[in-house]
Amino acid sequence: MEHDANGAHPVGSPAAAVVHSLAERRETLAAVESLTGGLLAAAIVEVAGVSSVFRGGLVVYATELKSGLAGVPAELLAERGPVDPEVAAALAEGGRDRCGADWCLATTGVAGPEPQGGKPVGLVFIAAAGPTGTTVRELDLDGGREFIRSATVTEALRMLADRIHEAPRAGVGQR
């Protein structure tokens with residue numbers, strides 16, 4: 001597989017890289033999205049052969065749905081707000097559990113045009129929960145709403161590709 005100029009990421013679609021890696025490993029994926037509003041799941045399902053990998057996902061745009069559907073503790077949301085690294089981790093872990101997947105990606109942040117709850121436009125948290133734990137990454141993105149949402153999808157998929165590459169194989173049903 002070809003890599004970018006830095007040798008860090010596969011050339012081509014980050015979604016395809018993730019789907020193909022998971023298919024080879026016989027592992028599954030779910031997504032829980034706030035800021036991206038379904039854009040992450042849409043990028044994933046564009047890949048041919050994704051049905052063997054993608055379990056499904058949740059779009060939990062409203063704060064109360066983060067708790068009710070994705071299982072984020074209501075106390076955490078009340079204390080920290082929806083744009084928070086611990087909330088991102090809880091979204092990924094809840095989605096992994098609720099969708100019965102080996103891996104789950106989650107997105108939360110502020111796409112704009114206005115700040116939200118004292119958090120600036122472009123502040124984003126992405127999380128990947130998997131067999132070896134959960135990783136959260138903070139992004140500080142400049143640009144308009146469309147750019148922030150699409151860059152979040154790309155960075156989340158790249159983060160997951162890195163995690164998959166580093167993780168031992170779990171196999172089907174070995175969550």
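Residues numbered from 1 in each chain as written. Predicted model: local features only at pLDDT ≥ 70, side-chain atom pairs only at ≥ 80, totals over all residues. Heavy atoms only, no water.

S.K.: Would you mind showing me how to read the overall build of the protein here?
M.R.: Helix and strand content of the protein: 6 helices and 5 strands. Start at the N end of the protein and walk to the C end: the helices and strands fall as α-β-α-β-α-α-α-β-β-β-α. Residue burial in the protein is summarised as follows: out of 175 residues, 49% are buried. Restricting the contact set of the protein to residue pairs at least 6 apart, pairs at least 24 apart contribute 65%. Total accessible area computed for the protein in this model is approximately 8,200 Å², and 49% of it derives from carbon and sulfur atoms. (Helix = DSSP H or I, 4+ residues; strand = E, 2+ residues; numbered from the N terminus. Buried < 20%, exposed > 50% of the residue type's maximum accessible area, 1.4 Å probe, protein only. Contact = heavy atoms within 4.5 Å. Areas by Shrake-Rupley, 256 points an atom, 1.4 Å probe, with all protein chains shown as cover.)

S.K.: Just to check I follow, could you spell out the pairing of strand S1 (residues 29-33) for this structure?
M.R.: Here is the key point about a regular strand: its side chains alternate between the two faces of the sheet. Burial runs high along S1: 5 of the 5 residues are buried. Taking every second residue as pointing to the same face, both faces of S1 are buried, with Leu29, Ala31 and Glu33 on one and Ala30 and Val32 on the other. You can see the chain leave S1, run along helix H2 (residues 39-45) and come back into strand S2 (residues 54-59), and the turn it takes is right-handed. Bridge analysis of S1 against strand S3 (residues 103-109) gives 5 bridges, and the strand direction is parallel. Each residue of the ladder has a partner; that of Ala31, found in S3, is Leu105. (Right-handed = clockwise from strand over helix to strand, strands pointing away. Pairing = 2+ DSSP bridges.)

S.K.: Would you mind showing me how to read the environment of Val59 here?
M.R.: On the secondary structure map, Val59 appears in strand S2. Residues Val59 and Ala70, spaced 11 residues apart in sequence, show a C-alpha to C-alpha distance of 9.1 Å. When neighbours within four sequence positions are excluded, Val59 is seen to be in contact with Glu33, Gly37 and Gly38.

S.K.: Help me understand the confidence of the model for the protein in this model?
M.R.: Reading predicted coordinates in detail is not appropriate for stretches of low pLDDT. Within the protein, residue pLDDT values average 92, and 90% of them lie at 70 or more. Low confidence marks residues 1-7, where pLDDT is under 50. Its contacts with residues over four positions away, or in another chain, come to 10 contacts. (pLDDT = per-residue confidence, 0-100.)

S.K.: What is the right way to look at the layout of surface pockets in this model?
M.R.: Rolled over the atoms, a probe sized like a water molecule indicates the empty space that remains. Taken as a whole, the second largest pocket spans an internal volume of roughly 160 Å³. Lining the second largest pocket are 15 residues, and of these Tyr61, Gly109, Val110, Ala111 and Gln116 sit closest to its centre. The class makeup of the residues in the lining of the second largest pocket is 6 nonpolar, 6 polar and 3 charged. (1 Å grid on protein atoms, 1.4 Å probe; cavity = no way out; pocket = protein on both sides within 12 Å on 5 of 7 lines; lining within 4 Å. Points joined across faces, edges and corners; volume = space filled by probe spheres on them. Nonpolar A, V, L, I, M, F, W, Y, C, P; charged D, E, K, R; others polar.)

S.K.: I'm lost on helix H6 (residues 145-166) in this one. Help?
M.R.: Along an α-helix, residues three or four positions apart point the same way, because every turn accommodates 3.6 residues. Here H6 contains 22 residues, and its C-alpha end-to-end distance of 32 Å stays within 8% of the 32 Å for a straight helix at 1.5 Å per residue. Burial in H6 covers these residues: Ile148, Ala151, Thr152, Val153, Ala156, Leu157, Met159, Leu160, Ala161, Arg163 and Ile164. Packing partners of the buried residues in H6 comprise helix H1 (14-25), S1, H2, S3, strand S4 (123-130) and strand S5 (133-140). (Expected span 1.5 Å × (residues − 1).)

S.K.: I keep staring at the nonpolar core and nothing clicks. Help me out?
M.R.: Generally speaking, soluble globular proteins have nonpolar side chains that are buried together. Ranked by size, the top nonpolar core spans 34 residues in total, and within it Val18, Leu29, Ile44, Leu157 and Leu160 carry the most contacts. Counting residues per element, the ones that place at least two in this core are H1, S1, H2, S3, S4 and H6. Ranked by residue count, the leading element in this core is H6, at 9 residues. Setting aside anything within four residues of it in sequence, one finds Val18 in contact with Leu29, Leu157, Leu160, Ala161 and Ile164. If you look at the next biggest cluster of nonpolar residues, it comprises 23 residues, including Val32, Val72, Val83 and Val87. (Core = buried A, V, L, I, M, F, W, Y, C linked by side-chain atoms within 4.5 Å.)

S.K.: I tried to follow helix H5 (residues 85-99) on my own but got confused; where do I start?
M.R.: Between its first and last C-alpha, H5 extends 21 Å over 15 residues, near the 21 Å set by a 1.5 Å rise per residue. All buried positions along H5 are accounted for by Val87, Ala88, Ala89, Ala90, Leu91, Ala92, Gly94, Gly95, Arg96 and Cys99. Structurally, the start of H5 carries an N-cap: the backbone nitrogen of Glu86 is 2.8 Å from a side-chain oxygen of Asp84. Once H5 finishes, Gly100 follows within two positions and takes phi at roughly 60°, a positive value. (Polar contact = N/O pair within 3.5 Å; in protein donor to acceptor, adjacent residues only side chain to side chain.)

S.K.: Can you help me understand the state of the cysteines in this one?
M.R.: A complete count under the given rule lists 0 disulfides for this structure. Between Cys99, a cysteine without a disulfide, and Cys104, which holds the nearest cysteine sulfur, the sulfur-to-sulfur distance is 6.3 Å. (Disulfide = S-S within 2.5 Å.)

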